[in-house]
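Results of the structural survey
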Amino acid sequence: MTVANPLELEPGLQPQGWLRYLSFSLDHKVIGIQYLVCGFLFYLVGGALAGVIRTELASPMSDFVGRDTYNEVLTLHGTIMIFLWIVPVVNGAFGNYLIPFYVGARDMAFPRLNAVAFWLIPPAGLLLISSYFLAGAASQSGWTAYPPLSLTTPAAGQIVWILSVLLLGGSSIFGGINFIATVLKLRRPGLKLMQLPMFCWAMLGTSILVVLATPVLAGTLVMLSFDIIAHTGFFNPSLGGNVVVYQHLFWFYSHPAVYIMVLPAFGLVSEILPVHARKPLFGYTTMVYSIMAIVVLGLVVWAHHMFTSGTPPWMRLFFTIATSFIAVPTGIKFFNWLATLWGGKIALNSAVLFSCAFIFNFVFGGITGVALAQVPFDIHVHDTYFVVGHFHYIVYGGSVFVIFASLYHWYPKFTGRLLNEDLGRLHFVLTFIGFNLCFAPQHWLGLNGMPRRVAEYDPAFTTWNQVSSVGALLMAISTLPLLINVVVTAFRGPVAGDNPWNALTPEWLTSSPPPVENWIGEAPLVTEPYGYGEHPGGFDLDRISGRDLWSSGKS
Amino acid sequence: MDTSLQPVTTAQPASEAHGHPDFRLFGLATFLVADGMTFAGFFAAYLTFRAVNPLPEGAIYELELLLPTINTVLLLVSSFTFHRAGTACRSGRMQTSRRWLLLSIALGIAFLAGQMVEYFSLPFGLTDNLFASTFYALTGFHGLHVTLGVICILIVWFQARPGGSISQDSHFGLEAAELYWHFVDGIWVILYGILYLL
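Quantities reported herein were computed from a predicted structural model and do not represent experimental measurements.

**Quick look at the overall build of chain B**
Along chain B, the regular secondary structure elements total 5 helices and 1 strand. Along chain B, helices and strands appear, N-terminal first, in the series β-α-α-α-α-α. Burial status across chain B gives 35% buried among its 198 residues. Sequence separation of 24 or more characterises 79% of the internal contacts of chain B that already satisfy a separation of 6 or more.

Structural data, given as structure tokens:
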């Protein structure tokens, strides 16, 4: 049984031109751009909130905003950045745009579900932001919403927060189902799993995590809302409830959420580096197994967030070991990227600069992550700025740097125009310096005992907090060259041509921007997405893959 | 850049240009995995509460076994009747199929009625204690699933009428409802074991 391609069902009903980006479009490319632009707008909001936080922390006293407002701001900042910027953009934007190309399909497996998943996001985001203007104030319990704190802060704001996160979780699950079906079922005939570009594997792994972990968060938040509205006592100690159960259920989702944010970034970097280094991706098979190992291990490490929550010794032992193990597949991926760059003809453009900076930042964040997995160390720095520094190195230094790299790499495909390199490098330099200036000192602050989520601090910490705030200011300024670049280029940038990077992955084997049906005529069968480099004598490119070239050592 | 490199493509025909095979059941199955994880979260919470949090002094948490056992049998039989409806539909006996569907609906409604009777006869309420809250959350969440399932079967029963959209050649709706119904039954069996027998 076949179903008609929805794109061809109602030709007159899909708007054309820029209006289609505001419509319930079923085209995966339009939906991808919708995710990207929508996510970026929320990034600006979340960034402004970060600006408020850093301005407040520029002096030890709570003088810029009140303490309650500070709590609202940090809660909204975390929730927006995670659920409305990084998760939708690395999954929804690039996943939707690229995955159908990579599997040789004309759209995702369920185009309508795809559009529904996107259109859940703007209302959820607006709901969340509007809760700031509620009479009882927005949620103040951080993005973790730990009870009993979340049971004692103003109820209306907390409920709106829960509602918003439930909507975003639903969107995420719908997206995950779509990616799993597309990668596993919608591959072009003749295309094998082990011939897929690495981003497909990353999205498959991510989507498995989304489908397995997100529903648990949804159930937990429903229980939390029962506690708030109906006065049940699931997580309320004064009614005999158990707060640690909330933490377990919350982190069962929210630790994998880190991989939901970072695995797609791993995949995107794996696409960008081979193109600009003109070499096959090193260690394709180990990359695939590493991703799957991260998926499995990522599901059994959640309690390392709870070492100070009265966890029994056996639990500490297990979760320390499991967490440390994750460094192994992650390390394999890093050495593979370095080996991909090694000896390549690297074009040092903005996309590569951001990708290399990602490697640098993420290794640093990974090392502090392994340190945090060790119970004695974790107990010392738990709930301090060390943790804040660590996870910003992961989610900003990791995922957001890759989002920028991907933007420079795929913008010519999205629009047919090349972004300005000078502005791109300016954006990179400002972001890189600003980011490290902002978050590196926070490790020192945390080691010396500065707690997170507090508007005031010991005056002894003033200097490094001010350094951190200057870094945040640089990051804010770095958004300007990006915005100017993206907007101006969209109208007057130099025309890129169909394949400006001379890349081999299937999205480049069509026009820029691509036609609605992705390719005019047959979809190409790309069995060697990474077949770059010189192949001296005896190699028939039609017969062997990039992996074989590497294992033969002659590439 | 080495411009000599050409992408490796072949002219092997792609899948049908104007459509693709139907993956909706696969998609539904993936969704049910997600839905099952929601239940798994509730089960884990309940079991942890049982293991860690003792029932407070004087709190009442007693369950009768008879009614839920009858309910379990009802649901299991309804899974069987739905299966018969599916078999009949696939072999083109639409009238028989509709009769089995009707029977499944009746069993589903009987289950919900049984649940209502149980709710009203229990000696504890939603906010009485931790176990009571979890009991109502779990059975209520499952009851919502059963309600949705009954509505789905009603729709399928209507669509399977002579000249309706479900026939021997086109029965995705029926198969989807059947998969969902079996899932809801399977969850009940686990729930019965954990809540009533344990």
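**A few points about the overall build of chain A**
What chain A contains, in helices and strands, is 16 helices and 1 strand. Relative to a compact globule of 555 residues, whose C-alpha radius of gyration would be 24 Å, chain A shows 23 Å and is just as compact. Dimensions along the principal axes, computed over C-alpha positions, put chain A at roughly 70 × 50 × 50 Å. Out of the 555 residues in chain A, the part that is buried amounts to 56%. Put simply, of all contacts in chain A between residues at least 6 apart along the chain, 81% involve residues at least 24 apart.

**Describing the environment of Gly 493 of chain A**
All names here are of chain A. Checked against the element boundaries, Gly 493 lands in the loop between helix H15 (462-492) and helix H16 (546-552). Under the C-beta neighbour-count criterion, Gly 493 is labelled partly exposed, with 18 such atoms within 10 Å. Each residue touching Gly 493, except ones within four places of it in the same chain, is listed here: Arg 417, Leu 418, Leu 419, Asn 420 and Val 488.

**Focus: the confidence of the model for chain A**
All names here are of chain A. The predicted model of chain A has a mean per-residue pLDDT of 91, with 93% of residues at 70 or higher. Looking across chain A, the model is least confident in strand E1 (residues 2-4), with a mean pLDDT of 48, and most confident in helix H14 (residues 421-447), with 97. Segment residues 6-11 is flagged for pLDDT under 50; beyond a separation of four residues in sequence, or across chains, it makes 10 contacts in the model. Segment residues 549-555: pLDDT under 50, and 13 contacts once partners within four positions in sequence are set aside and those in other chains are kept.

**Quick look at the packing of helix H1 (residues 28-56) of chain A against helix H2 (residues 67-102) of chain A**
All names here are of chain A. For the pair H1 and H2, the least separation of the axes is 7 Å and the interaxial angle reads 155°. Of the possible angle classes, the one that applies to H1 and H2 is roughly antiparallel. Our pair here, H1 against H2, has a crossing hand that is left-handed. When grouped by side-chain class, the residues that make up the contact of H1 with H2 number 24 nonpolar, 7 polar and 2 charged.

**A closer look at the packing of helix H7 (residues 198-229) of chain A against helix H9 (residues 284-298) of chain A**
Residue and element names in this part refer to chain A. Axis separation between H7 and H9 bottoms out at 10 Å; the angle between their running directions is 10°. In terms of orientation, H7 and H9 fall into the roughly parallel class. In this structure, H7 contributes Met 198, Trp 201, Ala 202, Gly 205, Ile 208 and Leu 209 to the contact, and H9 contributes Met 287, Val 288, Ile 291, Met 292, Ile 294, Val 295 and Gly 298. In terms of residue class, the contact of H7 with H9 is built from 11 nonpolar, 2 polar and no charged.

**Here we look at helix H8 (residues 243-277) of chain A**
All names here are of chain A. Its 35 residues place the ends of H8 50 Å apart at the C-alpha level, agreeing with the 51 Å of an ideal helix rising 1.5 Å per residue. The principal kink in H8, of about 35°, is found at Trp 251. The buried count for H8 comes to 33 of 35 residues, which makes it a mostly enclosed element. In the segment just after H8, Arg 278 is the residue with positive phi, at about 50°.

**Structural notes on the nonpolar core**
The biggest cluster of nonpolar side chains holds 212 residues, and the ones touching the most others in it are Ile 86, Cys 200, Val 269, Phe 354 and Ala 405 of chain A. Those residues within four positions of Cys 200 of chain A in sequence are excluded, and the remaining contacts are Ile 99, Tyr 102, Val 103 and Val 183 of chain A.

**A closer look at the confidence of the model for chain B**
All names here are of chain B. When the pLDDT values of chain B are averaged, the result is 88; 89% of them are 70 or greater. Confidence drops under pLDDT 50 across residues 1-5; counting only partners more than four residues distant or on other chains, this segment forms 6 contacts. Confidence drops under a pLDDT of 50 for residues 8-18, and excluding neighbours within four residues, the segment shows 27 contacts in the predicted structure. Both confidence scores are given for the complex: pTM 0.91, ipTM 0.88.

**Here we look at helix H6 (residues 155-185) of chain A**
Compared with an ideal rise of 1.5 Å per residue, which puts 31 residues at 45 Å, H6 of chain A spans 44 Å between its outermost C-alpha atoms and is within 8% of the ideal. Burial runs high along H6 of chain A: 22 of the 31 residues are buried.

**Let's talk about unusual backbone geometry**
Residue and element names in this part refer to chain A. The omega torsion of the bond from Pro 147 to Pro 148 falls at 5°, within 30 degrees of zero and hence cis. For Pro 148, the position within the fold is in the loop between helix H4 (121-130) and helix H5 (149-152). Following Ser 512, the chain continues into Pro 513 via a peptide bond in cis, with omega recorded as -10°. Mapped onto the secondary structure, Pro 513 falls in the loop between H15 and H16. For Ala 145, which is not glycine, the phi dihedral falls at a positive 50°. Structurally, Ala 145 is set in the loop between H4 and H5. On the basis of neighbour count, Ala 145 is assigned to the buried category, with 23 C-beta atoms found within 10 Å.

**A short note on the environment of Gly 283 of chain A**
All names here are of chain A. Along the chain, Gly 283 turns up in the loop between H8 and H9. Sequence spacing of Gly 283 and Leu 151 is 132 residues, and the spatial spacing of their C-alpha atoms is 49 Å. When neighbours within four sequence positions are excluded, Gly 283 is seen to be in contact with Asn 336 and Ala 339.

Basis of the calculations
- Residues numbered from 1 in each chain as written.
- Chains lettered and ligands numbered in written order.
- Predicted model: local features only at pLDDT ≥ 70, side-chain atom pairs only at ≥ 80, totals over all residues.
- Helix = DSSP H or I, 4+ residues; strand = E, 2+ residues; numbered from the N terminus.
- Buried ≥ 20, exposed ≤ 12 C-beta atoms within 10 Å, placed from the backbone.
- Contact = placed C-beta atoms within 7 Å.
- Rg over C-alpha atoms; globule rule 2.2 N^0.38 Å.
- pLDDT = per-residue confidence, 0-100.
- Axes fitted to C-alpha atoms, helices over the stretch in contact; angles between N-to-C directions.
- Parallel < 35°, antiparallel > 145°, perpendicular 65-115°, else oblique.
- Left-handed = near helix turned anticlockwise from the far one by under 90°.
- Nonpolar A, V, L, I, M, F, W, Y, C, P; charged D, E, K, R; others polar.
- Expected span 1.5 Å × (residues − 1).
- Bend = angle between axes of the 7 residues up to and from the residue.
- Core = buried A, V, L, I, M, F, W, Y, C linked by C-beta atoms within 7 Å.

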